[in-house]
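Residues per chain, in single letters:
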There are 2 protein chains.
Amino acid sequence: MFNDFKLMDGRPAYVQVKDYIKELIYKGILRSDQKLPSTREFAALWKLSRNTVITAYRELEDEGLVHSVAGKGSYVSQEVVPSADSARLEWKEMIGDCARTAEELDLMKHGVRWEKGMISFTSIAPDEKLFDLHNVKRAFLDRMSLEGEILLNYGYAKGYKPLIDYLLRYMETKGVDLTGKDLLVTNGFTEGFDLVLSAMGKPHRRVLCENPTHHTAIKLFKMHGMEIKGIGMEEDGFRLGELEQALAQQSFDLAYLIPSYHNPTGIVMSPEKRMEALRLFGHYRIPVIEDGFNEELRYSGSHVAPLIACGGSGNNVVYIGSYSKVLFPGIRVGWVLADRELVDYLESMKRARSIHTSTLDQAVLYQYLHNGNFEKYIKRARNAYKHKYELAVQWCKEHIPYTRLSGDGGLHLFIELNDSLSARDVLAACVRRGVVFTPGDIFHTDGFGANTFRLGFSRVSEGELEKGIATIGETVRQLMREGL
Amino acid sequence: MFNDFKLMDGRPAYVQVKDYIKELIYKGILRSDQKLPSTREFAALWKLSRNTVITAYRELEDEGLVHSVAGKGSYVSQEVVPSADSARLEWKEMIGDCARTAEELDLMKHGVRWEKGMISFTSIAPDEKLFDLHNVKRAFLDRMSLEGEILLNYGYAKGYKPLIDYLLRYMETKGVDLTGKDLLVTNGFTEGFDLVLSAMGKPHRRVLCENPTHHTAIKLFKMHGMEIKGIGMEEDGFRLGELEQALAQQSFDLAYLIPSYHNPTGIVMSPEKRMEALRLFGHYRIPVIEDGFNEELRYSGSHVAPLIACGGSGNNVVYIGSYSKVLFPGIRVGWVLADRELVDYLESMKRARSIHTSTLDQAVLYQYLHNGNFEKYIKRARNAYKHKYELAVQWCKEHIPYTRLSGDGGLHLFIELNDSLSARDVLAACVRRGVVFTPGDIFHTDGFGANTFRLGFSRVSEGELEKGIATIGETVRQLMREGL
């Protein structure tokens with residue numbers, strides 16, 4: 001006994017001694033009324049100061065685990081953990097449909113596996129080499145000095161006031177008429193999206209969206225028990241004819257759109273289509289959830305206003321924004337901008353489910369933005385990503401015999417191969433050659449898209465970019481030859 | 001035009017100029033093809049450097065809002081925001097039951113109102129005067145230097161590995177046998193609780209808990225459409241006889257218990273009762289959600305192991321912990337410790353709903369804990385709260401003619417008045433005298449508790465503590481006299 005104690009760095013020694021002895025007691029290795037080594041013995045054995053051991057023993061006494069007998073030493077008070085010997089529950093049988101669906105559609109569990117050293121095109125997260133840590137540190141220290149106590153205590157469900165004001169102003173610079181609107185800060189896009197889905201009544205249990213679309217959206221629609229009607233995509237956004245037909249044939253509770261740098265196709269919906277789509281949804285009185293995904297990553301072309309700005313003072317658009325994809329995903333901050341009456345309900349939902357988003361995160365982000373770092377960062381990021389984007393497009397054209405390539409900006413391209421090819425077959429062959437990407441079927445609402453895949457380039461180095469794309473191209477050609 | 005520009009501090013001037021002109025364009029004040037003032041004019045008018053204005057104009061060009069004509073100047077490109085003139089939606093009619101319940105039970109909206117300057121006993125949040133900001137700053141800087149890029153990019157749904165390991169070890173020092181167990185980091189207790197409720201199948205739509213109980217739990221049970229069966233409380237926890245009867249009569253999907261410093265009564269469940277409760281729930285195969293609320297705020301008495309430790313290697317306890325109440329609520333970090341099969345589903349739910357908890361928060365908290373600050377902090381906090389607790393008990397005994405007072409520790413007391421008195425009447429009279437507290441009926445599962453209230457003392461100064469309690473006492477006496 002007492003021979004397996006190991007001191008680790010950076011943590012007070014007395015805490016480690018205390019925890020070690022606790023463990024011996026809980027595991028039943030030290031029994032009731034058993035004598036502990038004297039503080040002197042223990043200190044000598046482990047080359048600790050005697051004070052360290054004394055402090056540890058005193059805290060064990062405070063917690064009622066140990067008692068000292070004058071002139072004799074310290075003793076274990078009692079065996080504190082009896083076992084109730086409960087019956088084992090079969091959790092798998094006790095789980096509901098929602099959790100089952102979440103697990104089945106969990107890409108981290110059932111998606112593409114890849115190992116270190118492989119060239120991975122699966123991520124569309126920002127490149128961490130671009131992060132300006134120095135300015136984040138400064139923002140943190142600035143804000144902590146100003147109101148550290150506020151950052152660490154409870155905040156409000158709606159969000160941190162300076163950040164709310166900043167975001168409202170930011171949305172105004174995107175052309176949004178804020179009359180009657182309000183804003184809720186959320187834990188990134190995803191929580192905002194789930195809150196809106198949870199809050200809305202869903203009498204028809206049916207949603208409209210682009211096909212293909214964001215995988216997380218498909219997952220959450222299914223978790224909410226909704227049937228999904230996807231509208232096919234063309235060069236400038238989804239097909240209006242298909243939309244009109246769908247609207248005329250069935251009733252929908254809501255629509256979900258990603259008008260800028262659509263995930264996964266990278267297509268930007270044209271201004272004309274935006275207006276027409278809004279008119280149609282307005283006519284059928286269907287609320288539209290607008291995913292502001294990567295709106296900031298425009299590399300060229302003219303200004304395109306988000307749907308919520310196109311809507312003027314109309315009110316059927318619920319905009320969900322996030323800085324995660326363009327700034328720092330580790331700081332989980334997104335927002336919902338919508339009509340005040342809706343935000344009022346969302347706020348109560350948010351309070352009931354997670355109280356509020358971390359004040360620390362919100363405050364650091366606010367100060368970072370306020371200091372003007374975002375404008376500088378986004379310029380740098382846009383340049384870096386634009387360069388990679390152009391290289392990726394060029395190399396895809398050179399190497400991959402695709403039938404369609406889309407992506408007007410953002411952090412990924414979407415590729416359609418010959419109908420006879422399966423992207424999963426290409427993937428399986430590529431994995432063996434050290435390259436992975438995301439098969440496009442997972443983004444499809446109708447089981448199609450077997451011949452498509454998404455290529456995320458944000459975190460791939462330039463050298464790997466060409467090598468990876470060339471490998472995919474060779475693999476595709478080989479499979480085409482074999483297929484003949 | 002251009003006469004209402006106001007420069008604010010701390011934000012780069014060029015960003016402010018850019019945003020200002022954008023606003024003029026979006027509001028239709030600057031129209032298509034209208035000429036902007038020259039950069040020289042604008043700079044002179046607002047005493048800005050000309051470079052500032054040049055940078056602003058250049059960015060407006062990059063965004064496609066403005067174009068320059070060589071030798072002539074800068075012009076507005078086009079009116080960018082057309083209005084789709086959508087029909088107004090009636091959100092109140094489109095909202096579902098879940099959001100409606102959340103709004104109706106939202107205490108921030110429909111609870112006790114109080115104004116600045118009043119003595120408020122409504123909060124059970126920690127006293128921010130106790131926060132050791134210096135050590136939080138140090139923890140942040142330590143961690144950012146070690147792995148800033150990791151903190152700011154995507155993490156894992158299960159949580160930040162060093163924190164998970166720390167928390168597992170922490171739970172082990174509470175006597176938990178970790179065999180077959182796993183841990184998920186959540187956005188505080190509340191998200192963890194909602195995740196568990198969402199993941200479980202609920203064939204009976206019925207839950208067992210203590211009566212009274214945590215208001216947030218009541219709210220979430222109702223949002224999940226569950227019927228609540230509350231078991232009455234006595235000195236050492238809920239009444240076992242009532243529990244046995246309930247279990248024999250009806251089927252339940254799960255049970256929810258707050259065994260240590262129960263909210264709102266402050267009662268600590270005895271070790272014997274813990275074992276017997278576990279035995280009963282095991283017999284009926286009902287999972288138990290254990291709320292680790294304020295377990296750390298023990299001021300006296302012997303060690304009490306959490307249910308999940310009492311359960312030994314049994315597995316029907318789902319423990320939800322949080323440092324919010326004892327440490328920093330602004331950092332939203334809690335955890336769920338449960339059987340691996342369950343945590344596996346919870347992880348997928350978490351990923352689908354909020355991707356992961358802020359890595360920044362988790363890392364700062366981890367480093368703070370690792371540095372040994374928690375042990376020092378909790379000692380200081382315990383002393384400060386214990387002192388207030390003793391004063392509060394003493395003054396309640398002196399001033400308030402109660403029939404029962406409970407609270408063995410923690411940050412609040414619970415008081416029962418004579419059956420004939422209404423705590424809401426007492427409250428109404430107290431509000432006029434500048435004192436507020438929380439009426440106990442909101443914690444009751446059965447509509448009773450009209451004669452009870454909760455007194456949170458953590459954020460009330462010593463001077464206000466006596467004054468506030470004396471005011472409540474006087475008010476109660478007066479109402480008793482009037483009632484005679």
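Residues numbered from 1 in each chain as written. Chains lettered and ligands numbered in written order. Predicted model: local features only at pLDDT ≥ 70, side-chain atom pairs only at ≥ 80, totals over all residues. Heavy atoms only, no water.

Under an unreviewed UniProt entry, the name given to chain A is PLP-dependent aminotransferase family protein, and the organism recorded is Paenibacillus apiarius. Looking at the Sequence similarities (unreviewed entry) heading of the UniProt record, one finds this comment for chain A: "In the C-terminal section; belongs to the class-I pyridoxal-phosphate-dependent aminotransferase family." The record in UniProt for chain A states the following under Cofactor (unreviewed entry): "pyridoxal 5'-phosphate". (UniProt positions renumbered as here; feature names shortened; annotations may be inferred.)

An α-helical turn contains 3.6 residues, so a residue and the one three or four places further along point in the same direction. All names here are of chain B. Over its 20 residues, helix α7 (residues 133–152) extends only 21 Å from the first C-alpha to the last, a length that falls short of the 28 Å expected when each residue adds 1.5 Å. Of all the bends in α7, the largest measures some 90° and sits at L146. Among the residues of α7, L133, N135, V136, A139, F140, R143, M144, E147, G148, L151 and L152 are the ones counted as buried. (Helix = DSSP H or I, 4+ residues; strand = E, 2+ residues; numbered from the N terminus. Expected span 1.5 Å × (residues − 1). Bend = angle between axes of the 7 residues up to and from the residue. Buried < 20%, exposed > 50% of the residue type's maximum accessible area, 1.4 Å probe, protein only.)

Here the focus is the relation of the copies chain A and chain B. Screw-axis analysis of chain A against chain B gives a translation of 0.0 Å along the axis, an RMSD of 0.1 Å, and a rotation angle of 180°. Here the copies are linked by what is in effect a two-fold axis. Comparing interface residues between copies, 100% of those in chain A also sit at the interface in chain B, which points to an isologous, same-surface contact. (Least-squares fit on C-alpha atoms with pLDDT ≥ 70 in both. Contact = heavy atoms within 4.5 Å.)

Evaluated as defined, the whole model comprises zero disulfides over all chains. Here C98 of chain A is not cross-linked by a disulfide; its sulfur's nearest cysteine counterpart is in C98 of chain B, at 11 Å. In this model C430 of chain B remains outside any disulfide bridge; the closest cysteine sulfur is found in C396 of chain B, 12 Å from its own. (Disulfide = S-S within 2.5 Å.)

Moving on, we come to the side chain of E375 of chain B. Position of E375 of chain B among the secondary structure elements: in helix α16 (residues 373–399). Those residues within four positions of E375 of chain B in sequence are excluded, and the remaining contacts are R11, Y14, V15 and K18 of chain A together with Y166 of chain B.

To continue, consider the sheet that holds strand β16 (residues 452–456) of chain B. All names here are of chain B. Pairing within the open sheet is antiparallel, and its four strands lie in the order β12-β13-β16-β15. Strands at the two margins of the open sheet, each flanked by one partner only, are β12 (404–406) and β15 (438–439). Alignment of β12 against strand β13 (residues 412–416), held across three bridges, turns out to be antiparallel. Directly across from S406, in β13, lies its bridge partner F414. Here α16 sits on the sheet and contacts β12, β13 and β16; the angle it forms with β13, its principal contact strand, is near 15°. (Pairing = 2+ DSSP bridges. Axes fitted to C-alpha atoms, helices over the stretch in contact; angles between N-to-C directions.)

With that settled, consider the environment of R205 of chain A. Residue and element names in this part refer to chain A. Along the chain, R205 turns up in the loop between α9 (188–199) and β5 (206–211). Owing to a relative accessible area of 41%, R205 belongs among the partly exposed residues under this scheme. Aside from chain neighbours lying at most four places away, what touches R205 is H224, G225, M226, E227 and D253. Side-chain polar atoms of R205 contact the backbone oxygen of H224, separated by 2.6 Å. (Polar contact = N/O pair within 3.5 Å; in protein donor to acceptor, adjacent residues only side chain to side chain.)

In this section: the sheet that holds strand β11 (residues 334–339) of chain A. Residues and elements named next belong to chain A. Taken in spatial order, the eight strands make up an open sheet running β4-β11-β10-β9-β8-β5-β6-β7, and their pairing is mixed. What marks the edges here is a single partner per strand, and that holds for β4 (181–186) and β7 (237–238). As defined by bridge partners, β4 adjoins β11 across six bridges and the pair is classed as antiparallel. Across the sheet, D182 pairs through a bridge with A338, a residue of β11. On top of the sheet, helix α11 (residues 240–249) reaches β5, β6 (227–234) and β7; it is set at about 155° to β6, its chief contact.

Residues and elements named next belong to chain A. By the element assignment, H215 lies in helix α10 (residues 215–223). In this structure H215 comes out as buried when scored by relative accessible area, which is 9%. Residues in contact with H215, not counting those within four places in the same chain, are L105, L107, I442 and F443.

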